[in-house]
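Observations on chain architecture
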Amino acid sequence: MMTDLTNLTVAQIRDGHRSGDFTAVEVAEAFSANVAGAKALNAFIVETPDHALAAAKQADADRADGTLKPLSGVPIGMKDLFATKGVQTTAASHMLEGFVPQYESTVSQKLWDAGTGMLGKLNLDQFAMGSSNETSYFGNVISPWRKSDGSNAALAPGGSSGGSSTAIAARLCPAATGTDTGGSIRQPAAFTGISGIKPTYGRCSRWGIVAFASSLDQAGPMARDVQDCAIMLAAMAGFDAKDATSLDLPVPDWEAALSGNMKGKRVGIPKEYRLDGIDEDIAAMWDHGIAMLKDAGATVVDISLPHTKYALPAYYIIAPAEASSNLARYDGVRYGLRDLPEGAGLQDMYAATRAAGFGPEVKRRILIGTYVLSAGFYDAYYTQAQKVRALIARDFEAAWAQCDVILAPTAPSAAFALGEKMADPLAMYLNDVFAVPASLAGLPAMSVPGALSRDGLPLGLQIIGKAFDEQGVLNAGLALEERAGFTARAERWW
Amino acid sequence: MAVNQADVRKIASLARIAISDAEVAAMEGELNNILGWVEQLGEVDVTGVEPMTAVIPNTLRLRDDVINADPLTGGGMQAAVLANAPAVQHGFFGVPKVIE
């Protein structure tokens, strides 16, 4: 019997297709069958097997013609935050239910141009606001993982890219797009035992991505391993004149330069990340990560990032402030939902539309953002937060004098049960305590699987790098991957 | 700085989100919890620190002064622009009457 094609990585599919071991159509059909058989996970909002199949047929034809593209034959999942021409794009909100973009986002276009096809639009937290994928209008995504104690409690796949993480961990797609505003690629990757990288702010164009907090939003890939992340990132990144913050830099060949040899590299261990009452499994995994990087030849140095504790509160001023401004566009006039009560005027229509279209967490953040930007409070909240943000970026700048990359946990715990933190927004926000500082500083950061918790759940190690040094981050990730020997996967129950 | 229910109503009005009495009561507590928590930023000494405006230094570019240089963001897209509008009248966005 042929290998199960859905167990192959992006690199294996690309190379196997290239050498004629299988057809792209076989690959697309195998993954589409897995997607169709995994409704219980609720990872997809829309399934697009026809899109994947059309790209696969093209890939098979291109192979016959000798015109293969870099990712010919590889089907992927697309987070439903990227505008896809002719395919509903909702940001997991009621507000955009039925919205069919008339254009293609830059990142998704680049992926199609590279030869990939789309298996479907992946579920997420509504407008990417959440850490557990419980704020989606289209229902919770369920992690494929379960605790080893035999309990069948549904676990959070992380958020906001929870459809992406679940789909990859459950072999519904070999790779997917994610977006990361304050940890939305890295935390779900950690929760599901996969890898994901948020590149330097500006590497991937934001054009056509539903905006949350524009100074933080950044797209990146999620996949099973570091090599696949490098391959996917190269296809997604690049200058785009349609995004004013796009970096006008060449895209390096990250895959070709991958090396797990850390000889001569200095790895910083930030003392402020060792929180009081840190989870024992997390602390042990972190220590093991330090040992693994030493084994790879790195020198380990203790560093200090003194403003770390202020990153999360600064984020919860800046991100809602930007969100309140960005989400002002949903007015029931140009696209999306309209709620027009009998006899209502324009202002009432706005208010009714936004009350009906936004979920509770989105409203909460819009209200916070509106408050901190309002007359009389702007300086006390927003200006102060942006000053603290400058200090957080300075902390990293100072650290780079001592080290080349930073190693830390990705999240403070393993995946929690769905429902466990929904009643307490602050407890939910604390999930991103280790992820947010790199977001505020615009730095590349990735999560790779580090170990299993005592309950048999994946835990992630995070590597943070200097601006533009995705290579250094990927290489440290590879050094960890080569040594962690993480082969655990979720047993199929769905 | 704590908010009361009148503040919540004012914020919701500024944000153009209709809000019920029950939501006002719930939101008062939730916003105060979050605002109380972010208050700790006040203890950071920011003397002489400029607020961050760009996370990665970048310069704004001017596009070439050419009509429709990029057709995706150029003109002549009326049908596409209106395609998702909840109400379209005579090639325009339709809204409730705003002038008596």
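Residues numbered from 1 in each chain as written. Chains lettered and ligands numbered in written order. Predicted model: local features only at pLDDT ≥ 70, side-chain atom pairs only at ≥ 80, totals over all residues.

Looking at the overall build of chain B
Using the following cut-off: The numbering of helices and of strands both runs from the N terminus, where a helix is a DSSP run of H or I of at least 4 residues and a strand a run of E of at least 2. Based on C-alpha atoms, the radius of gyration is set beside the globule rule, defined as 2.2 Å times the residue count to the power 0.38.
Scanning chain B from terminus to terminus reveals three helices and two strands. Along its sequence from the N terminus, chain B presents helices and strands in the succession α-α-α-β-β. For 100 residues, the compact-globule estimate of 2.2 N^0.38 gives 13 Å, and the C-alpha radius of gyration of chain B, at 23 Å, exceeds that figure by more than 25%. Oriented by its inertia axes, the alpha-carbon framework of chain B measures out at about 50 × 45 × 25 Å.

With respect to the interface of chain A and chain B
Quoted interface sizes are often the accessible area lost when the parts come together. The condition is simple: A pair of residues counts as a contact when their C-beta atoms, built from backbone coordinates, are within 7 Å of each other. Gly counts as polar in this scheme, as do all residues outside two lists: the nonpolar Ala, Val, Leu, Ile, Met, Phe, Trp, Tyr, Cys and Pro, and the charged Asp, Glu, Lys and Arg.
Between chain A and chain B, the residue contacts involve 59 residues of the former and 43 residues of the latter. At the level of elements, α9 (311–326), α10 (346–357), α11 (360–372), α12 (378–399) and α13 (425–429) of chain A are the ones that each hand at least two residues to the side of chain A that touches chain B. When residues in the side of chain A that touches chain B are grouped by element, the largest group, ten residues, is from α12 of chain A. A breakdown of the residues in the side of chain A that touches chain B according to their chemical character gives 36 nonpolar, 15 polar and eight charged.

Here's the deal with the confidence of the model for chain B
Operational definition: pLDDT: the predictor's confidence for each residue, scored from 0 to 100.
In this model, chain B carries a mean pLDDT of 92, and residues with pLDDT of at least 70 account for 99%. Taken over the whole predicted complex, pTM reads 0.97, whereas the ipTM for its chain interfaces reads 0.96.

Quick notes on helix α5 (residues 162–169) of chain A
Each α-helix turn comprises 3.6 residues. Residues three or four places apart therefore point the same way. Residues and elements named next belong to chain A. The condition that has to hold: Three exposure classes are used. Buried residues have 20 or more other C-beta atoms within 10 Å of their own C-beta, exposed residues have 12 or fewer, and partly exposed residues fall in between, all C-beta atoms being placed from the backbone.
Across the eight residues that make up α5, a large majority, eight, are buried. Looking only at α5, the buried set comprises Gly 162, Gly 163, Ser 164, Ser 165, Thr 166, Ala 167, Ile 168 and Ala 169. Just downstream of α5 lies Arg 171, where phi reads positive at about 65°.

Thoughts on the nonpolar core
What counts is decided by this rule: In plain words, the nonpolar core is the set of buried Ala, Val, Leu, Ile, Met, Phe, Trp, Tyr and Cys residues that C-beta atoms within 7 Å link up.
Counting 174 residues, the largest nonpolar core has Leu 293, Ala 314 and Ile 317 of chain A as the members making the most contacts within it. The element that contributes the greatest number of residues to this core is α9 of chain A, accounting for ten residues. The contact partners of Ile 317 of chain A, leaving out residues within four places of it in the chain, are Val 372, Tyr 381, Tyr 382 and Ala 385 of chain A together with Val 38 of chain B.

A word on the environment of Ala 484 of chain A
Residue and element names in this part refer to chain A. Residue position: Ala 484 is located in helix α15 (residues 470–484). A tally of 17 C-beta atoms within 10 Å means that Ala 484 is categorised as partly exposed. Between the alpha carbons of Ala 484 and Thr 383 there is a distance of 43 Å; along the sequence they are 101 residues apart. What Ala 484 contacts, discounting residues up to four positions off in sequence, is Met 292, Pro 449, Gly 450 and Ala 451.

Side note on helix α8 (residues 280–295) of chain A
Residue and element names in this part refer to chain A. Cut-off, in case you're wondering: The length a helix should cover is 1.5 Å for every residue beyond the first. Arc definition: directions from the helix axis to the C-beta atoms.
In a regular helix each residue adds 1.5 Å, so 16 residues correspond to 22 Å; α8 covers 22 Å between its end C-alpha atoms and thus fits that length. Among the residues of α8, those classed as buried are Ile 282, Met 285, Trp 286, Gly 289, Met 292 and Leu 293. All buried residues of α8 project into a common sector of 120° when viewed along the axis, lining one side. Exposed residues pointing more than 90 degrees away from the buried face of α8 are listed as Glu 280, Asp 287, Ala 291 and Asp 295. Next to the buried residues of α8 lie β7 (266–270), β8 (299–303), β9 (405–409), β10 (445–452), β11 (458–465) and α15. Positive phi shows up at Gly 297, right after α8, with a value of about 105°.

Quick notes on the packing of helix α2 (residues 24–36) of chain A against helix α3 (residues 49–65) of chain A
Residues and elements named next belong to chain A. Under the convention used in this document: Comment: axis = line fitted to C-alpha atoms, over the contacting stretch for helices; angle = value between 0 and 180 degrees taken between N-to-C directions. An angle below 35 degrees is read as roughly parallel, one above 145 as roughly antiparallel, one from 65 to 115 as roughly perpendicular, and any other as oblique. A clockwise turn of the near helix away from the far one marks a right-handed crossing, whereas an anticlockwise turn of less than a right angle marks a left-handed crossing.
Close contact between α2 and α3 brings their axes to 7 Å; oriented N to C, the two are set at 165°. Comparing the axis directions of α2 and α3 gives the class roughly antiparallel. In this structure, the crossing between α2 and α3 has a hand that is right-handed. Contacts from Ala 24, Val 25, Val 27, Ala 28, Phe 31 and Ser 32 in α2 reach Pro 49, Ala 52, Leu 53, Ala 56, Lys 57, Ala 59 and Asp 60 in α3. Its residues placed into classes, the contact of α2 with α3 shows ten nonpolar, one polar and two charged.

Some points on the pairing of β9 of chain A
All names here are of chain A. Our working definition: Note on pairing: two strands pair once DSSP finds at least 2 bridges between them.
Among the five residues in β9, five count as buried, and that is most of the element. Burial along β9 is two-sided: the residues Val 405, Leu 407 and Pro 409 and Ile 406 and Ala 408 are all buried. Sheet topology places β7 next to β9; two bridges connect them, and they run parallel. Bridging across to β9, Gly 268 finds its partner in Ile 406.

Observations concerning the pairing of strand β2 (residues 75–79) of chain A
Strand residues, when the strand is regular, have side chains that alternate between the two faces of the sheet. All names here are of chain A. Counted only if it meets this: Here a crossover is taken to be right-handed if, once the strands point away from the viewer, the path from the first strand over the helix to the second is traced clockwise.
With five of five residues buried, β2 is to be regarded as a mostly interior element. Here β2 shows a buried face lined by Pro 75, Gly 77 and Lys 79 and a second buried face lined by Ile 76 and Met 78. Note: β2 against strand β3 (residues 117–122), five bridges, orientation parallel. For Lys 79, the partnering residue across the bridge sits in β3 and is Leu 122. Viewed along the sheet, the connection from β2 through helix α4 (residues 106–113) into β3 turns out right-handed.

Quick look at unusual backbone geometry
A cis amide bond links Gly 159 of chain A with the next residue in sequence, Ser 160 of chain A, at an omega value of 10°. Residue placement: Ser 160 of chain A occurs in the loop between β3 and α5. Positive phi outside glycine occurs at Ala 92 of chain A, with the angle close to 60°. As for its placement among the helices and strands, Ala 92 of chain A is situated in the loop between β2 and α4. In the Ramachandran plot, His 90 of chain B falls in the positive-phi region, its phi being about 55° despite a non-glycine side chain. In this fold, His 90 of chain B is placed in the loop between β1 (88–89) and β2 (92–93). On the basis of neighbour count, His 90 of chain B is assigned to the exposed category, with 5 C-beta atoms found within 10 Å.

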